[in-house]
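# Examining the three-dimensional arrangement
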Amino acid sequence: MKVLLAEDSASDRLILARLVSRLGHAVIEAEDGTEAVDLFRETQPDLVLLDALMPRMDGMEAARQIKALAGERLVPLIFLTSLSGAGDLARCLEAGGDDFLVKPYNRVILEAKINAFNRMRGLHQALSDQRDHIRRQNQQMLDEQRTARRVFDNIAHTGCLDAPNIRHHASPLSVFNGDVLFAAQRPGGGTLVFLGDFTGHGLPAAIGAMPVAEIFYGMAAKGFGAPDVLREINRKLRRILPVGMFCCGLMVEADFKHNSLRVWNGGLPDGWLLRAGGDRVAVPSRHLPLGVQEPDQFSASMTVLDAAPGDWLVMMTDGLPEAPNSGGESLGEEGVLSVLAGLEAGQEPFEALLARMQQHTGKPELADDLTLCCLQMVRAEAPEAMPDKIPESALTGPADWRCVYELREQTLADFNPLPLLLHICMEVPGLRSRSGEVYTLLSELYNNALEHGVLALSSEWKTSPGGFSRYYQERTRRLGNTDGHFIRFSLEHQPREGGGTLTVVCEDSGDGFDFTEYSDTVMQQQAASTGRYAGRGLEILRRMTRNLKVHGRGNRVEIVYDWWFPDAAIISGA
Amino acid sequence: MPIETRRSDDGKTLTICVEGRFDFSTHQSFRDAYEHSEPTVSHYVIDLSDTTYLDSSALGMLLLLRDHAGGDGARISIENCNSDVRRILSISNFEQLFSIR
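As the structure is a computational prediction, the values presented were derived from the model and not from experiment. Throughout this document, residue positions are counted from 1 along each chain, in the order its sequence is written. To read the labels, note that chains go from A and ligands from 1, taken in the order they are written. This being a predicted model, a pLDDT of at least 70 is required before a residue's local features are given, and a value of 80 or more before pairs of side-chain atoms are given or counted; all residues contribute to the totals for chains, interfaces and linings.

### Examining the overall build of chain A
Looking only at helices and strands, chain A has 18 helices and 20 strands in total. Here exposure depends only on C-beta density: within 10 Å of a residue's C-beta, 20 or more other C-beta atoms make it buried, 12 or fewer make it exposed, and intermediate numbers make it partly exposed, the C-beta atoms being placed from the backbone. Residues counted as buried form 38% of the 574 residues belonging to chain A. Restricting the contact set of chain A to residue pairs at least 6 apart, pairs at least 24 apart contribute 68%. Segments assigned H or I by DSSP are reported as helices when at least four residues long, segments assigned E as strands when at least two residues long, and all are numbered from the N terminus. Residue pairs are scored as contacts if the distance between their C-beta atoms, which are placed from the backbone, is within 7 Å.

### Side note on helix H2 (residues 56-68) of chain B
Residue and element names in this part refer to chain B. Taking 1.5 Å per residue, 13 residues should reach 18 Å; H2 reaches 19 Å between its end C-alpha atoms and fits that length. For H2, the full list of buried residues reads Ser-56, Ala-58, Leu-59, Gly-60, Met-61, Leu-62, Leu-63, Leu-65 and Arg-66. Residues of H2 that are buried make contact with strand E3 (20-22), helix H1 (27-35), strand E4 (43-47), strand E5 (51-54) and strand E6 (76-79). Following H2 by one or two positions, Gly-70 adopts a phi angle in the positive range, close to 115°. Here, expected helix span is obtained from the residue count minus one, scaled by 1.5 Å.

### Concerning the nonpolar core
Residues and elements named next belong to chain A. In this usage, the nonpolar core is the set of buried Ala, Val, Leu, Ile, Met, Phe, Trp, Tyr and Cys residues whose C-beta atoms join them within 7 Å. Counting 99 residues, the largest nonpolar core has Phe-182, Phe-216, Val-229, Val-252, Leu-313, Cys-373 and Leu-375 as its most contacted members. Looking at this core, the element that brings in the most residues is helix H6 (residues 202-221), giving ten residues. As annotated, the domain borders come from an automatic or database domain assignment. Two domains each provide a minimum of three residues to this core, namely domain 2 (156-376) and domain 3 (392-573). In this structure Leu-313 touches Val-252, Leu-261, Gly-271, Leu-273, Cys-374 and Leu-375, once residues within four positions along its chain are discounted.

### Remarks on the sheet that holds strand E5 (residues 99-102) of chain A
All names here are of chain A. By definition, two strands form a pair when at least two bridges between them are found by DSSP. Read across the open sheet, the five strands follow the order E2-E1-E3-E4-E5; overall the sheet is parallel. Two strands in the sheet have a free side with no partner beyond their single neighbour: strand E2 (26-30) and E5. Ignoring strand direction, the axes of neighbouring strands in this sheet form an average angle of 20°. Only the stretch in contact is used when a helix axis is fitted, and all axes are lines through C-alpha atoms; the angle between N-to-C directions ranges over 0 to 180 degrees. Against the sheet, helix H5 (residues 107-155) touches strand E3 (47-51), strand E4 (77-81) and E5, its axis set at about 170° to E5.

### So, the interface of chain B and chain A
Listed as interface residues are 13 residues of chain B and, on the opposing side, 15 residues of chain A. At eight residues, H2(B) tops the list of elements feeding residues into the side of chain B that touches chain A.

### A look at the packing of H5(A) against H6(A)
Residue and element names in this part refer to chain A. Two numbers describe how H5 lies on H6: the axes approach to 9 Å, and their chain directions differ by 20°. As summarised for this structure, H5 and H6 are arranged roughly parallel, according to the angle between their axes. As H5 packs across H6, the resulting crossing turns out to be left-handed. Together, Ala-148, Phe-152 and Ile-155 of H5 and Ala-206, Ala-209, Met-210, Ala-213 and Glu-214 of H6 make up the contact between the two elements. Three residue categories are used. Nonpolar comprises Ala, Val, Leu, Ile, Met, Phe, Trp, Tyr, Cys and Pro, charged comprises Asp, Glu, Lys and Arg, and polar comprises the others, including Gly. A breakdown of the residues in the contact of H5 with H6 according to their chemical character gives seven nonpolar, no polar and one charged. Just so you know how the angles are binned, under 35 degrees is roughly parallel, over 145 roughly antiparallel, 65 to 115 roughly perpendicular, and the rest oblique. Handedness of each helix crossing follows the sense of rotation of the near helix against the far helix: counterclockwise by less than a right angle gives left-handed, clockwise gives right-handed.

### What about the pairing of strand E15 (residues 372-376) of chain A?
Regular strands place their side chains on alternate faces of the sheet. Residues and elements named next belong to chain A. E15 sits mainly inside the fold: five of its five residues count as buried. Burial of the side chains of E15 extends over both faces: Leu-372, Cys-374 and Gln-376 are buried on one face and Cys-373 and Leu-375 on the other. Pairing of strand E6 (residues 166-169) with E15 involves four bridges; the strand directions are antiparallel. Residue pairing for E15: Arg-167 is matched across the bridge by Cys-374. Relative to E15, strand E14 (residues 312-316) runs antiparallel, the two sharing five bridges. If you follow Leu-313 over to E15, its bridge partner there is Leu-375.

### Overview of the UniProt feature "modified residue: 4-aspartylphosphate" (unreviewed entry) in chain A
Residue and element names in this part refer to chain A. Per the UniProt record, "modified residue: 4-aspartylphosphate" (unreviewed entry) is found at Asp-51. Among the secondary structure elements, Asp-51 is positioned in strand E3. Overall, the presence of 26 C-beta atoms within 10 Å leaves Asp-51 in the buried class. The residues touching Asp-51, leaving out its near neighbours within four places in the chain, are Ala-6, Glu-7, Asp-8, Gly-59 and Leu-80. UniProt positions are given in the numbering used here, feature names are shortened, and annotations may be inferred rather than shown by experiment.

### A look at the confidence of the model for chain A
All names here are of chain A. Each residue carries a pLDDT value, the predictor's own confidence for that position, ranging from 0 to 100. Per-residue confidence for chain A gives a mean pLDDT of 84; residues scoring 70 or more make up 90%. Within the model, pLDDT remains below 50 along residues 383-394, and this stretch shows 22 contacts once partners closer than five positions in the same chain are excluded. Predicted confidence is poor over residues 520-535, with pLDDT under 50, and the contacts of this stretch with residues over four places away or in other chains come to 13 contacts.

### A closer look at the packing of H1(B) against H2(B)
All names here are of chain B. With their axes 11 Å apart at the nearest point, H1 and H2 run at an angle of 20° to one another. Compared by their axis directions, H1 and H2 come out roughly parallel. As H1 runs across H2, the sense of the crossing is right-handed. Contact with H1, carried on its side by His-27, Phe-30, Tyr-34 and Glu-35, involves Ser-57, Met-61, Leu-65 and His-68 of H2 and no other residues of that element.

### Side note on unusual backbone geometry
A cis amide bond links Lys103(A) to the next residue, Pro104(A), at an omega of -5°. Note that Pro104(A) resides in the loop between E5 and H5. Of note in the backbone geometry, Ala456(A) takes a positive phi value of approximately 50° without being a glycine. You can see Ala456(A) is positioned in the loop between helix H13 (435-454) and helix H14 (460-463). Phi is positive for Asn80(B), which is not a glycine, with a value near 60°.

### Some remarks on the sheet that holds strand E18 (residues 499-508) of chain A
Residue and element names in this part refer to chain A. The sheet built from five strands is open, its strands ordered E16-E17-E18-E20-E19 with antiparallel pairing. Only two strands of the sheet have a single neighbouring strand rather than two, namely strand E16 (401-408) and strand E19 (547-551). Averaged over all adjacent pairs, the angle separating strand axes in this sheet is 15°, with direction ignored. Of the strands in this sheet, E16, strand E17 (486-496) and E18 are in contact with helix H12 (residues 418-426), which crosses E17 at around 15°. In this fold H13 packs onto E17, E18 and strand E20 (556-564), with an angle of close to 10° to the strand it touches most, E18.

### Points about the pairing of strand E2 (residues 13-18) of chain B
Residue and element names in this part refer to chain B. Bridge count between strand E1 (residues 3-7) and E2: five bridges; the pairing is antiparallel. Pairing of Ile-3 across the sheet is with Val-18, part of E2. Once E1 ends, the chain turns through five residues before running back antiparallel as E2, passing Gly-11 with a positive phi of about 75°. Of the pairings in the sheet, the one linking E2 to E4 comprises five bridges and is parallel in character. Across the sheet, residue Thr-15 finds its bridge partner in E4, namely Val-45.

Okay, structure coming up:
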């Protein structure tokens, strides 16, 4: 050890220096405080022995300066003093001294003190090394998380979270706290949103989030509805997550055409439907979280809610009600509810909740493990063609073909053929840019055949207040008996200069309906005033196609749909 | 000790009591409590009389116990929950997997 010894009395200095060097330490000698500080700076000693009373600069001041120079390094500083008053000795320690040694010096005590401080120094060094190590590791982990986040973003892009009717708060690193938030436009209109909260933190939670993102965006783009997506996520998570890890989640499928919301909540705090009129409807958790149950036990049954443009659906992870304030108290679900109950007409729930959270926590930034999303119902718009450029791979593929696909019996209840049929059509070069329109055509034909043909449901229920829920219940009940029924799709595609023609015939085994009245109105080239038949979707089909024919007893509908390449594609595709 | 276990006289029922916070910090001792139990144990009782708080990692631990005890055939009852604990169990719909009394 290097020991700095500052003592103005030459004889005392000599005695002490000899004592210390006999203990095996190197001694650096200073005659006063100023020299002690200078030598400290030059030689970086490990321990300092300092006389309290010295000329030029006394020990107290030297101690302050030396401690300041040492910074984070622990340099034990022992005062040498002939003072014996308690107040004087205390001042030595207040000035930064770690201990004192009273003259005359006792060799045994000096040795014991030097050894004790040497041990303390070693301990301090070990702690500092470990702290630096942890700091480096933490920095490395944060760097890795940022990189991983970029990979994750490429899979779980923001989807349509930036749509004007969606407000959300999700921290950029929230995925490492187990929170995920996805939103996608469904082909043919409507929005699908999923908010999830994995158990655990860090890497395991983030890894679990990856397949959920892939499944969500992949299936949503193909036209699968919420129950199918949920079943698939549950199946996947059940298989890949270790027992004890799972994902609480809330999925909502907003249907702007029928003004309805279908919601599934498994383990998240209550979601809330806030009607423009001021009503509040809770959407409590009714299911086990995702990844807990085997696929055959999993229930994807959705709660159906009637909603109108302007209504909000609010969903959140438990980080929001559980966020602590400085006193450790959380807002609680009651606190959330009181914010929602206090909303004024036209006030957005998102802003109000965030403002309340900031007030509660006293911090402008919200924690990473808190995700909030509000979805507003809007008026249905015509499905938009995707404006994206057509990738090269979309310009080769089958263009001239015909296929027949028939669903029978129980399969009518168990299986949704739309993603499959859409997939077949999307193989046609260039038609992918029209996936929204094609999905709408197929789904209107299918729903018409299933609901009004096979199940003989009355579309008038859907127009009455609260009727959609009743309609939906009846639909589920009647799906229990589809004996002897079928729906048959015949699809045909032919290429044309600059585009193609898709012909779809949809037949069903139902009793049909009185369509003569409908045909009459079609012949009169009427405006969109056929309110009575709007439920049959025929009006939408008529507007989107070149030709619509209703045959037989009304249970055979044929459409002819012409489409063209977007301008840019004609050049490269010609 | 935040976790205590006791066995019934016939050796068939293992009762695990969790004291204070039931969260990730009790992970190892909770596992030890049932993994080292006798093979004669066929029924588990989780006594939460003295549990003040329960988080999602505790839910995960309950699922691990359920798996250990035979999955769907497991006989596990969760007893004496306070209202906060009860609320967390019911948000996650754990009454479908455990008998909660």
